Each structure stands twice: as C-alpha cells, then as structure tokens.
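Now for the letters of each chain:
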Amino acid sequence: MKQKTLERWAPWALLVLSILIWEVLCRAFNVSEFVFPSPSRIAQQTIEFKEVIAGHAWRTFWVTMVGFGIAIVVGVLLGFVIGSSRLAYAAVYPLMTAFNALPKAAFVPILVVWFGIGIGPAILTAFLISFFPIMVNIATGLATLEPELEDVLRVLGAKRWDVLIKVGLPRSMPYFYGSLKVAITLAFVGTTVSEMTASNEGIGYLLISAGSAMQMGLAFSGLVVVGAMAMIMYELFSAIEKHTTGWAHRGSQGE
C-alpha cells in the first residue's frame with residue numbers, strides 16, 4: 001500500500017519541486033519576464049486572461065478530438081488490414097513508415113491551399129500526426145499472434161476471421177491503449193502547430209499573438225494549458241486501460 005501511495009503522488013511531488021526550483025531561479029537571477037517568466041507570473045497572466053485562454057483552449061480541444069477520432073478509425077482499420085495479412089504487412093508498412101517520417105508541419109501550407117484557413121488544416125494535421133502509432137500497434141498486436149496458438153485454434157475448427165476477431169483483437173487491446181496515450185499527445189502538437197500557421201483561433205494562434213505582443217507569461221500559459229489537456233486525456237485513457245485490460249499488466253491481479 002505504501003509503495004502504491006508513493007507511486008501515485010510521485011509525479012505531483014516532482015511537478016511541485018520543479019515549479020519551486022523554477023521560481024527560485026527566476027527570482028535569484030532576476031530573469032526578465034520578457035525572456036523567461038516565472039511560474040508566479042504565468043499564474044498571474046493565466047488568471048488575468050482566463051476568458052481568452054478558455055476560448056482558445058476549447059477551440060484547440062474540440063478540433064484535436066475530431067482529428068484524433070478520425071485517427072482512431074483510420075488507424076484501427078489500417079492496422080487490422082496490415083496485421084492480418086503478411087502480404088499487406090510487407091507492402092504497406094514500409095510506405096507508412098516513410099510517410100510518417102515526413103515533417104507534418106510541412107503539410108500545413110498545402111492543406112491551407114486545399115481547405116483554406118480554419119479548422120480544416122488543424123483537424124487534418126492532428127489526424128496525420130496521430131494515426132500512425134495507432135496503426136502500428138494494432139498491426140503489431142495482430143501480426144505477433146503466436147503461431148502455435150493459431151494452429152491450435154485452427155485444429156479446433158476456428159477460421160482465420162474467428163482467430164483475428166476473437167483472439168487477435170483482444171490480444172491487441174493493450175497495444176491499442178498504449179498507442180492512444182502516445183497519439184493523443186501528438187494530436188495536440190499537430191493542432192497547435194497548424195493553428196500557429198493557419199488559424200485565427202486556438203492555443204497556437206494565442207502563442208503567436210502573445211509572442212508578438214511580448215506577453216511571454218501569456219504564451220507560457222497557453223503552453224501549460226495544452227500540456228494540461230494532453231495530460232488529462234492521457235490519464236483518462238490510462239484509467240480506461242486499467243479497467244479493461246488489467247489482465248495484461250503484471251501485478252494487476254493483486255490490486
């Protein structure tokens with residue numbers, strides 16, 4: 001019980017310690033707020049501009065969720081196709097890897113030409129940057145199904161489709177939830193990058209506006225808000241994972 005309590009509070013303790021060190025260093029070296037604002041200055045401007053920040057944060061959040069939702073659908077479907085067939089794995093996986101290596105920020109100007117300035121480029125950038133981890137993990141979970149297990153199921157009369165649906169997909173769930181926790185953070189990155197280039201709303205736009213006005217505290221507030229939204233979604237998926245795939249994690253049976 002003591003170990004679990006320490007593990008639960010360790011991240012918060014580290015966060016508080018980091019903030020305290022940050023504040024002390026800013027005050028000790030008299031760092032200008034226009035260069036690197038202290039946590040107290042960031043908190044002050046967060047409260048001062050809370051309505052503005054909330055409006056931009058909501059825009060970033062729902063746009064990210066739309067792009068992320070599309071990424072889940074496409075990632076799961078592609079992952080299922082690739083992981084269920086050796087031929088598809090050999091043909092598609094290298095191409096998807098090459099595509100993932102392309103900098104997604106480079107797509108933003110192209111998306112602006114196609115869809116104009118607004119939510120279109122932001123949604124698509126969030127999708128493009130986040131679907132790959134989901135696809136890879138689903139494909140890996142299906143492709144690494146033990147041949148011995150598949151042979152036993154075939155002997156028992158199971159068809160290839162039955163093996164994939166009733167054994168392969170449940171076995172892939174831990175991989176799936178792991179990919180969601182990675183992909184959601186990437187989705188927020190994609191949305192923010194797109195908003196910095198092709199939007200007049202959202203946290204990305206707020207960062208550019210605040211930087212241009214030398215309101216560095218406000219800019220850091222935007223960064224904190226994005227990080228907080230990503231962390232909340234990460235913890236949400238972690239909670240869902242714990243309650244649905246606890247069997248796959250060491251020590252979960254004793255909890």
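Draft legend 1. Region of the structure containing the side chain of R41. You can see R41 is positioned in helix α2 (residues 39-48). Owing to a relative accessible area of 18%, R41 belongs among the buried residues under this scheme. A distance of 3.3 Å separates polar atoms of two side chains, one belonging to R41 and the other to E33.

Draft legend 2. Structural context of the nonpolar core. Membership of the largest hydrophobic core comes to 40 residues, with the highest contact counts inside it found for F68, I134, M135, L180, F188 and I203. Among the secondary structure elements, those contributing two or more residues to this core are α3 (50-84), α5 (107-115), α6 (119-143), α8 (160-198), α9 (203-212) and α10 (216-244). Broken down by element, this core gets its largest block of residues, eleven residues, from α6. Not counting residues within four places of it along the chain, the set of residues in contact with F68 comprises S130, I134, L180, A183, I184, A187 and F237.

Draft legend 3. Fine view of the packing of aromatic side chains. The tally for this structure, following the rule as stated, stands at twelve aromatic pairs. When the centroid spacing of 5.7 Å and the interplanar angle of 45 degrees are considered together, the rings of F68 and F237 count as tilted. Of this pair, F68 sits in helix α3 while F237 sits in helix α10, and the two are 169 residues apart along the sequence. Neither residue differs from the other here; F68 and F237 are each classed as buried. Between F176 and Y177, the ring centres sit 5.6 Å apart and the planes meet at 55 degrees, which makes this aromatic pair tilted. As far as the burial class goes, F176 and Y177 line up, both buried. Here the aromatic cluster, defined as three or more aromatic residues joined through ring pairs, consists of F99, F107, F127 and F131.

Cut-off values and rules
- Residues numbered from 1 in each chain as written.
- Predicted model: local features only at pLDDT ≥ 70, side-chain atom pairs only at ≥ 80, totals over all residues.
- Heavy atoms only, no water.
- Helix = DSSP H or I, 4+ residues; strand = E, 2+ residues; numbered from the N terminus.
- Buried < 20%, exposed > 50% of the residue type's maximum accessible area, 1.4 Å probe, protein only.
- Polar contact = N/O pair within 3.5 Å; in protein donor to acceptor, adjacent residues only side chain to side chain.
- Core = buried A, V, L, I, M, F, W, Y, C linked by side-chain atoms within 4.5 Å.
- Contact = heavy atoms within 4.5 Å.
- Phe/Tyr/Trp six-rings, centres within 6.5 Å; stacked < 30°, edge-to-face > 60°.

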